[in-house]
Structures are given as structure tokens and as C-alpha cells.
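# Coordinate analysis (summary)
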Amino acid sequence: MLMTKERQPAIRTLRGWAIAVLQEAGAIRECEEHGWMQDRADPHARERAFGLARQDPPTGISPDDAVAEIRDVLGSIGDTCPQCPAEAD
Ligand SMILES: [Zn+2]
């Protein structure tokens, strides 16, 4: 019985790193109730995140790849929590 699984821990780690950088910069936040990441749509926070990525990319990752991953993660995160009821405010 073959149970071969192609795992890609490096990519998962890179994504986790990008999320951590975005949170640190304040570009995204976690819904307190449901835990979904939300894009805060703050251009200054995004700039901070890109700056952090460029200055301090993960080991073995080029600054360009680190920035690309940040952009990729941002693109995958919505600006609302999918489980929070829409509020008119
Ligand atoms: Zn929520």
C-alpha cells in the first residue's frame, strides 16, 4: 500500500511567515470570533509589510520572492470575515 504524500512544508511555512508579517505590520487582522484573516485595506500597513519582507525575508528566500508571497497572501484574503454578519456602519 502506497501512502506517498507530496508535502510541501517550505511553501506552507512561507505562507505562514507572510501572514505573520502582514499581521505584524497591521495589514491584516484576525476575526476575534471566527479566526478568519481580514484585509484591513490599509496602504501604509501594506507598505510596512512589503518593507519588512524585503529587509528580512525567510532563510533561503530572496527578497523578491518574499515580497511576491506577501502580495499573493494579500490577494487571497478578503476584507471581511465570511462568517461575520454584514453590518451597515
Ligand atoms: Zn468573524
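Before any of the text, the structure's been laid out above.
Structural notes, computed from the coordinates. If you're wondering where the values come from, they're calculated on a predicted model, not measured in any experiment.

### Description of the overall build of the protein chain
When helices and strands are tallied, the protein chain shows three helices and two strands. Ordered by position in the sequence, the α and β elements of the protein chain form the string α-β-β-α-α. Here the protein chain, with 89 residues, has 29% of them falling under the buried criterion. Across the protein chain, contacts joining residues at least 24 apart in sequence account for 56% of those joining residues at least 6 apart. Total accessible area on the protein chain stands at roughly 6700 Å², and carbon and sulfur atoms take up 49% of it.

### A word on the coordination of the zinc ion
The zinc ion binds to the protein through Cys-31 (SG), His-34 (ND1), Cys-81 (SG) and Cys-84 (SG); the donor distances cover 1.9 to 2.3 Å. For the zinc ion, the four donor atoms in the first shell make angles of 105 to 116 degrees at the metal, so the coordination geometry reads as tetrahedral. The sequence motif formed by the donor residues of the zinc ion is C-x2-H-x46-C-x2-C. Note that Cys-31 is positioned in the loop between β1 (28-30) and β2 (37-39) and Cys-84 in the segment after α3 (63-76), a separation of 53 residues in sequence. The class of Cys-84 is partly exposed, set by a relative accessible area of 28%.

### Digging into the side chain of Glu-69
Tracing the sequence through the fold places Glu-69 in helix α3. Among residues more than four places away in sequence, those in contact with Glu-69 are Leu-14, Arg-15 and Ala-18.

### Here's the deal with unusual backbone geometry
Positioned with a positive phi, Ala-41 is a non-glycine residue whose angle comes to about 55 degrees. On the basis of relative accessible area, Ala-41 is assigned to the exposed category, the value being 52%.

Analysis parameters
- Residues numbered from 1 in each chain as written.
- Predicted model: local features only at pLDDT ≥ 70, side-chain atom pairs only at ≥ 80, totals over all residues.
- Heavy atoms only, no water.
- Helix = DSSP H or I, 4+ residues; strand = E, 2+ residues; numbered from the N terminus.
- Buried < 20%, exposed > 50% of the residue type's maximum accessible area, 1.4 Å probe, protein only.
- Contact = heavy atoms within 4.5 Å.
- Areas by Shrake-Rupley, 256 points an atom, 1.4 Å probe, with all protein chains shown as cover.
- Donors = N, O, S within 2.8 Å, 3.2 Å for Na, K, Ca; no water.
- Tetrahedral: all angles 85-135°; square planar, octahedral: opposite > 155°, others 65-115°.

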